Every structure is written in C-alpha cells, then in structure tokens.
Amino acid sequence: MNKFIIYCFLLAFVAQSFSQNSSNQDKIKTNLEEYFHFERENIHVQFNKTLYISNENIAFKGYVFNKQSNLPNLNTTNVQLVVYDTQGQVIQKQLLHASLGTFEGIVVLDEKIASGKYHFHFYTNWMNNFMEDESFVQTIEVINQNEPYNLKTNQPNFNNVSITFNPESGVFIKGIKNTIGIQIKDCNELGIQIMEGFVVDSKGTTIATFFTNKMGYGKFELTPDSKETYSVKIATDKLNTQKQLPQTTNSGIAITYNNNLPNNVLEVSVKTNSAGINLYQNKNYTLLIHQNGKNIQKEFNFNDKNPTQILTFDKNDLSNGVNSIRIIDENLNEIGERLLYLNMLPKEIPLLETQLTTNDSIELLGKLSSKVANLSISILPINSACNDQNNSILGTFYLNSYLEKPEQNNYTFYDRQNVTRASDMELLMLNQEKSKYHWNNIMTNKPKESYKFTKGITINGTIVKTLNPKTKYKVALVSLKNNLYEEATVDKNNKFSFDNFFAKDSTSYQLELMNDGNMPIETKMVTNVLFNNEPFLKKLSFETINCLPIKDLKNTFAFSNADLEKKRIALNEIVVQNNYKKPILNHQNESTNVLAKAYKIGETDFGSVLDFIGKNGYATGVNEEYLVYIIDTRTLHSVNNSTVSPSVFIDDFQITDFNVLYGLDLRDVDEIYIDKTGTSNSSFGGLGTVKIYLKKGANRGFFTKKHTTLIVKSGFAKTKTYKSTNFPFSKEFDVFGTMQWSPNVFLDADQIFEVKFPKVNQNEIQVLIEGFTIDGQLISETKKLTVAKKM
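Residues numbered from 1 in each chain as written. Predicted model: local features only at pLDDT ≥ 70, side-chain atom pairs only at ≥ 80, totals over all residues. Heavy atoms only, no water.

### Observations concerning the overall build of the chain
Stated precisely, the cut-off is as follows: Runs of E in the DSSP output that reach at least two residues are strands. Runs of H or I that reach at least four are helices, and both are numbered from the N terminus. For this measure, only C-alpha atoms enter the radius of gyration; the expected value for a globule follows 2.2 Å times N^0.38, where N is the number of residues. Type-normalised accessible area, obtained with a 1.4 Å probe on protein chains alone, sets the label of each residue: buried when under 20%, exposed when over 50%, and partly exposed for intermediate values. Working definition of accessibility: Shrake-Rupley area with a 1.4 Å probe, residue cover restricted to the visible protein chains.
If you tally the helices and strands in the chain, you get eight helices and 47 strands. Against the globule reference of 28 Å for 791 residues, the chain gives a C-alpha radius of gyration of 35 Å, more extended than a compact globule. Based on the C-alpha atoms only, the size of the chain along its principal axes is roughly 115 × 85 × 50 Å. For the chain, with 791 residues in total, the buried portion stands at 51%. Looking at the chain as shown, the accessible area adds up to about 40,200 Å², and 49% of this sits on carbon and sulfur atoms.

Below, the structure is given as structure tokens:
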C-alpha cells in the first residue's frame with residue numbers, strides 16, 4: 001500500500017513537472033511571437049568612400065531589409081537622414097524617398113566646413129515603436145582642403161589599451177574548465193593582434209597561453225582554483241601590460257557549443273560544477289535558441305547528477321546569422337545567454353573582369369547567378385586612402401542588427417580572402433556579452449503601434465469661409481513645375497487632406513477651392529505639412545574620440561588648391577565693351593518655360609494681350625455670348641467642328657475665365673511664353689500653353705487670385721547627379737579621388753552588368769560592390785583588379 005502511494009505521488013510529480021514545463025514553453029513561444037510580431041526594418045548604406053575633401057559631394061545608396069522575411073522591404077518609402085558634426089550638433093537633414101527597398105542621395109557640404117568626423121544617421125518613423133535601436137549610422141571623415149593632412153596608419157595606439165574578459169554565458173565558475181573570451185583594443189576600437197599572451201597565477205606561473213586575431217579577439221581555457229587569483233600578461237616590444245581576471249562564482253550554468261559537426265548538427269552543452277548539481281536538483285530548465293520570433297526549445301535538468309548536459313539540434317531548423325542561445329528557468333527568468341552565428345546561405349559572388357575600350361576608358365564587367373539584382377558600385381584608385389571603414393551589407397543585416405554593440409569594419413568576417421573568417425566569427429560571438437534583444441524586454445515590454453508607418457507626406461488644411469452645406473466642394477492642388485494636379489474632397493468641417501503625397505523639397509503648390517461645377521472660389525486656407533520631419537526618439541551615442549588615431553608624420557599631404565591660392569597674383573582688370581544688350585528673360589528657367597518661345601515685352605510694344613496672342617498662332621476674340629475665346633488656328637476648320645483652347649497662366653496661376661484678359665494691355669506685361677505643342681504642361685489638358693508674367697507694380701485689379709500658395713519645406717530630397725571632383729594633380733586624385741560612382745546597376749537578360757568610366761592613368765583599381773537580389777541574397781565584394789590591356 002505504501003509503495004503504491006509513493007508511486008502515485010511520483011507519477012503526479014512527474015506529470016505536474018511535465019505540464020509546467022510544457023506550459024512554460026508555450027509561454028516562451030507566445031512571448032517571442034508577440035514581441036517580434038510587427039515588421040522591423042534594417043537599413044544599410046554604402047557610401048562611395050569614407051574620406052572626403054571639403055569641396056566634394058558625398059554620395060550614398062541605401063538598402064532596406066525586412067528583418068523577419070530576410071527580403072528587401074518593399075513597403076518602406078520615408079527614410080530620414082540627419083547629419084551630425086563631431087560635437088553632435090545637427091548640420092543637415094534630408095527626407096529620402098525609398099522605392100522597392102532602396103534609396104539614394106547626395107549631401108553637399110560647405111567648402112568651409114571644419115575637418116573632423118561626421119555621423120550620418122538613417123532611420124524611419126516606424127523604428128520608434130521598438131525599444132531597440134534599429135537605425136543605421138555611418139561615420140565619415142572630412143578634410144578641409146585649406147589645411148595640411150597626415151595620412152593615417154593602421155597602427156593601434158599602444159599607449160591606451162583596454163582588455164576585456166568575456167566568460168561563456170557571463171559566468172566564471174570555480175572547479176570546472178571555463179572558456180574565457182578576451183578582446184584587446186586601443187582607444188579608437190582598433191583591434192590589437194597578439195601572437196602570444198599568458199595567463200598566470202599569483203605566483204607568476206603560466207597556466208595557459210592565448211593569441212588574438214587582427215580584430216583583437218581571442219580566447220583561452222582555465223580551470224580556476226577558488227583560492228587563487230589569475231591575470232593575463234602581455235609582454236611584446238610594443239605592449240607590456242597585465243590585467244587580473246574577474247573573481248570566480250561558487251556555482252552557475254555556462255553554455256558552450258560545437259558548431260563544426262557534420263550533417264548540420266549543432267551540439268550545445270550546458271555545464272555546472274558540483275555545487276551547482278546540488279543547487280539545481282529537481283529544477284527543470286528550457287534551452288531556447290531563437291532569432292526574432294523563430295525558435296526551438298528543449299528541456300533539460302541536472303537530476304542525473306551529471307554536471308554536463310548535451311543537447312543536439314538540426315541547424316536546418318535555425319536561422320542564418322546571429323541566434324541567441326538562452327537558459328530559461330521555471331519562473332521564465334533568464335539564467336544565461338550565448339550568441340551563435342550560423343552561415344546557412346550561400347554568398348552571391350560576382351565574377352568580375354576589366355578591359356580597356358577603344359576610347360581609353362575602362363569597362364567593368366560582372367556576372368551574377370541571380371536574375372534580378374540591385375547593385376551600387378564605387379571604383380577607387382588602387383592607392384586610395386578613402387576606404388578605411390569596410391562595412392558589409394551582410395555584416396549590417398546578419399550581424400550588427402542583433403548585436404548590442406555593432407561591429408565596425410565587419411567586412412573581414414565575410415571576406416573570401418580571409419581563410420580564418422569562420423573561426424574569427426566564433427571568437428566574435430564568444431566576446432559578446434549579450435544580444436541587442438534583452439530577455440526582460442521580450443517578456444514584459446511588447447511593442448505597440450504608437451508611430452505610424454509613414455508613406456509620403458500629408459498636406460492638409462482648413463477652409464476659412466462659411467460654405468453652402470448643400471454644395472460639394474473640393475480643393476485642387478497644382479504644381480506647374482512638376483505637371484501635377486490632384487483633388488481632395490472638403491468635409492463637413494471645412495477640412496481637406498492630401499495623404500501619401502510625395503512632395504519634393506521647396507516645391508511650390510497652388511491650392512484652390514472649387515465647387516461642384518469646377519468653378520474656382522476665392523477663399524483663405526490654413527495649411528499644414530505633416531510627416532516630413534519625424535524625429536528619432538532614442539538617444540544616440542556616437543563613437544567618442546578618446547584619443548587621436550596614429551598619423552604618419554612622414555606623409556603630410558598639402559592640397560594644391562591651398563598652395564595656388566597663396567601664390568595667386570592679382571592682375572589688372574581688362575574691360576571689353578559690347579553695346580549689344582541681350583534681353584534678360586526673368587522667367588525662362590521657371591517651370592518648363594525653356595520649352596516655349598519667349599517674348600520680352602519692351603517699352604515700345606503696345607496693344608492688347610489678346611491681339612498679341614492672336615498674332616502668334618491663336619484665334620482670339622469675343623463670341624456672341626460676350627465671352628473671350630482663344631482657339632488654336634489648327635482646329636478652326638476641323639471635321640467635327642471641335643475646337644481646343646490652350647492652357648493660359650498669369651504669374652504661373654492657371655486661369656479658366658479668359659474674360660480677365662479683356663482689356664489687359666501689353667504695357668503691364670513683362671514676358672509672354674507660348675508653346676503650341678503643349679509639351680511644357682501636358683498634364684493640364686488643352687492644346688498648348690500661354691504664360692503671361694506681369695511687370696512689377698502693374699495693376700492687378702482685373703485679376704484676383706483665387707488660390708493659396710504653399711511651399712513645402714523639408715520635403716523629399718531632390719534627385720541630384722553625382723559628379724566627381726576634379727583634382728588639379730594626379731597625386732591628389734590617386735589618394736582622394738573617386739573614379740566612378742554608380743548607385744543603380746542592374747543585370748541584363750544574361751545576368752551581366754557593365755560599368756564604363758575614364759581610365760585616368762590607373763592600371764589597377766579597387767572595386768566596392770554592395771546590393772541585394774529580389775529573393776534576399778546579399779552581395780558584398782571588395783576587390784582589387786588589374787586593368788586588362790586592349791587586345
């Protein structure tokens with residue numbers, strides 16, 4: 001009977017334990033899915049280079065990636081750019097238009113800008129919904145050309161070195177073998193490579209040795225005695241230092257893994273010491289591996305008194321890039337975390353070659369296995385000093401988007417020429433204290449949709465006038481320069497709104513109230529522009545300059561422009577007189593007037609405007625109903641008796657009532673532009689355009705404007721074409737110049753791309769390619785090529 005009772009008790013205990021753990025796993029799964037429910041964007045930006053002279057334009061191409069789907073984020077349209085100087089002060093802002101997952105831009109700097117580091121911050125309003133910083137920052141350096149510049153060396157500053165220890169899972173457990181990560185960097189975050197370092201005890205006896213790679217990462221193994229203290233000792237010709245290891249803990253659980261087994265098997269070991277076995281008896285734990293909401297869980301415990309529990313996973317069930325391995329206890333608290341990087345996807349490698357063309361230009365040819373790709377390519381001279389920050393699009397989306405502290409110059413972890421890149425990545429993962437996504441936030445701070453996913457800007461307003469409630473009204477929004485005409489309904493509160501509107505910066509719009517008969521009504525409007533300047537709500541912490549980088553004092557660069565300025569000689573001015581005065585056209589470059597025939601109305605011109613128009617291709621007059629007409633003479637004798645009038649504008653405002661022209665004298669007119677083809681303003685209908693500009697001070701009593709003018713400030717940045725800066729001497733171009741910047745390179749039907757550019761005396765070049773394919777493959781390649789001679 002007693003045995004039966006004990007058996008029932010044990011059975012109930014096991015069932016309860018299983019039920020609790022199953023419930024915990026469901027809660028973990030639910031919390032992960034809810035925390036990563038909303039779509040998250042990540043941004044990567046390729047600059048044409050990272051070191052600029054103050055008179056150069058800064059060019060860039062941006063890529064937007066969907067974190068959950070690992071595909072180009074086609075929904076993103078509004079990307080904010082804020083440029084900060086070395087002191088963290090805002091010096092420029094731009095609203096950038098993204099389309100099909102990419103955007104591009106050019107920043108023009110003041111030639112007098114101070115030398116120093118400048119930070120380009122890219123983000124979207126949607127990112128404000130999340131606790132983590134999903135934005136992108138690129139730091140560049142600007143050199144004022146009036147100041148001498150010392151080229152930087154790649155040497156670390158050995159006078160200011162930091163050593164950081166990172167035990168697996170953050171615990172240094174006494175009595176068992178611990179793997180300790182170590183990173184050695186200078187005050188500028190440059191890694192310091194050590195060929196041999198020593199772990200010594202309090203007596204100076206060497207217990208273990210280690211090395212660090214060129215990024216400054218390394219590791220060593222140590223079984224500590226709780227009564228002993230340990231230090232790391234480095235003694236080289238450039239660095240002589242020693243630092244004590246942290247104190248051991250009496251117990252704890254550490255996570256280690258083997259990521260190099262065959263058949264895509266991942267082996268994860270959780271281990272403790274003898275004190276831990278007693279402490280963790282009859283307690284169940286969950287080993288969780290996840291990236292975003294995708295997760296896999298397994299239960300373990302130490303009830304068999306074995307201090308090492310081994311769990312295996314199929315890597316095909318996990319995600320490419322950084323994954324978090326976490327130990328979760330029965331109360332859903334995190335006990336430890338370790339980061340794992342899985343390289344599950346093949347890298348798209350472009351095949352590249354160059355050749356000279358007949359006109360002594362260079363032709364870069366490339367081929368991809370994908371059929372659809374969007375690429376950006378920067379080509380620099382072989383001796384360029386302007387590519388000292390090798391960031392990769394793979395490093396941004398697969399690595400840094402999950403790290404609490406992004407890894408700069410991460411291209412080396414993906415460089416095919418780096419044969420140790422796999423082990424380098426494992427050392428990097430070991431030396432991460434934790435991921436960007438904290439477990440406490442996942443469990444307690446679910447994101448809320450507080451900030452909208454903005455698409456375009458909004459122009460809204462209120463009609464300041466009592467309107468007839470029985471009449472339907474609308475507001476017309478017109479931009480002559482952009483051939484744009486839109487309409488919005490006026491609601492019962494006299495309000496109107498143009499949503500998802502892609503207005504370019506400093507564009508002038510005319511808003512006009514119209515009734516249901518399409519007749520304009522004079523009124524006042526109060527207008528607003530929204531979503532064009534959305535702030536980033538998280539605090540930014542840019543890299544601080546703790547010390548200056550090591551400069552090559554033997555390689556001082558003085559720019560020729562500065563020398564020429566000092567040697568310039570002022571010559572006497574020579575005046576050549578020309579009595580011919582070409583008429584100055586004040587409005588020819590406005591809108592699309594350049595396509596029209598221009599007439600400058602002089603002091604000797606007289607007559608009415610209607611007669612002038614009548615002498616230049618149109619029939620004008622007053623019909624039987626006493627209405628002024630303007631008709632194209634080519635339609636007067638049409639078969640179906642249909643006649644067409646041109647679009648007529650006074651001071652860039654379109655008029656539909658030609659009667660306002662009756663009595664308008666040429667003496668009040670400055671210029672007239674006539675385009676009978678209608679190509680200058682085809683969106684406004686009609687056949688041809690007539691634009692009349694009045695003189696300053698002319699009587700405008702006959703013409704009452706019935707529109708409100710709105711100039712959009714901080715609209716989408718206008719498209720600019722990149723132009724390479726001309727350097728007066730080849731020595732400057734070889735170090736600081738850009739041979740070619742191609743922000744939009746696409747594949748032809750044979751999956752080949754082609755870029756042509758001037759040779760400018762270069763026999764070798766550096767090619768930097770970034771981009772992605774439509775199915776989410778990332779492309780990142782930096783390569784030095786020899787220019788093939790003409791056959």
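### Considering the environment of M739
Applicable threshold: Should any heavy atoms of two residues lie within 4.5 Å, those residues are counted as being in contact.
Position of M739 relative to the elements: it lies in the loop between α8 (730-736) and β44 (740-746). Classification of M739 as buried rests on a relative accessible area of 6%. Sequence separation between M739 and Y662 is 77 residues; the distance between their C-alpha atoms is 59 Å. What M739 contacts, discounting residues up to four positions off in sequence, is I362, I379, L380, P381, S724, F733, F757, P758, K759, V760, Q762 and I765.

### Considering the sheet that holds strand β25 (residues 351-356)
Stated precisely, the cut-off is as follows: Strand pairing requires that DSSP identify at least two bridges connecting the strands. Each axis is a line fitted through C-alpha atoms, taken for helices only over the stretch in contact, and angles between the N-to-C directions span 0 to 180 degrees.
Across the sheet, three strands lie side by side as β25-β26-β45; this open sheet has antiparallel pairing. Each edge of the open sheet carries a strand with a single partner, namely β25 and β45 (752-758). With direction set aside, neighbouring strand axes in the sheet form an average angle of 20 degrees. Here seven bridges tie strand β26 (residues 361-367) to β45, and the two strands are oriented antiparallel to one another. Note that in β45 the partner of E363 across the bridge is K756.

### Digging into the pattern of salt bridges
We apply this condition: Only one rule defines a salt bridge in this text: a Lys or Arg side-chain nitrogen within 4 Å of an Asp or Glu carboxyl oxygen.
Under the counting rule described, the total for this entry stands at 21 salt bridges. Two residues, R338 and E168, come together in a salt bridge whose shortest N-O distance is 3.2 Å. With R338 in strand β24 (residues 334-342) and E168 in the loop between β11 (161-167) and β12 (178-186), this pair connects stretches of sequence that are 170 residues apart. The exposure class of R338 is buried, given its relative accessible area of 8%. Of the residues examined, E168 reaches a relative accessible area of 4% and is grouped as buried. Note that E754 and K756 form a salt bridge whose closest N and O atoms lie 3.7 Å from each other. For E754, a relative accessible area of 44% translates into the label partly exposed.

### Quick notes on the nonpolar core
As a reminder, the rule being used: The nonpolar core is taken to be a set of buried Ala, Val, Leu, Ile, Met, Phe, Trp, Tyr and Cys residues, with the residues joined through side-chain atoms within 4.5 Å.
Counting 53 residues, the largest nonpolar core has V268, L287, L399 and M429 as the members making the most contacts within it. Among the elements that make up this core, the one with the highest residue count is helix α3 (residues 393-399) (five residues). The contacts of V268, once residues within four sequence positions are left out, are I255, T256, Y257, L287, I289, Q309, I310, L311, F313 and I325. Counting residues in each nonpolar core, the second largest holds 33 residues, with I143, L151, F727 and I765 among its members.

### Quick word on the sheet that holds strand β6 (residues 90-97)
Paired through backbone hydrogen bonds, the strands of a sheet run either parallel or antiparallel to each other. Spatial ordering of the open sheet is given by β2-β9-β8-β5-β6, a layout of five strands whose pairing is mixed. The strands lining the two open edges of the sheet, one partner per strand, are β2 (51-53) and β6. When strand polarity is set aside, the average angle formed by the axes of neighbouring strands in this sheet is 25 degrees. By the bridge criterion, seven bridges tie strand β8 (residues 116-123) to strand β9 (residues 136-143) in an arrangement that is antiparallel. In the sheet register, F122 faces β9, and the bridge partner there is F136.

### A look at the environment of G218
With respect to the helices, strands and loops of the structure, G218 is situated in strand β15 (residues 217-222). G218 gets classed as buried once you look at its relative accessible area, which sits at 0%. Excluding anything up to four places from it in sequence, G218 contacts I180, G181, I182, F211, T212, L427 and N431.

### Some details on unusual backbone geometry
Despite not being glycine, N282 shows a phi value in the positive range, around 60 degrees. Residues other than glycine seldom take positive phi values, yet N292 does so here, at roughly 55 degrees. As for its position among the elements, N292 is in the loop between β20 (285-291) and β21 (294-300). The class of N292 is buried, set by a relative accessible area of 6%.

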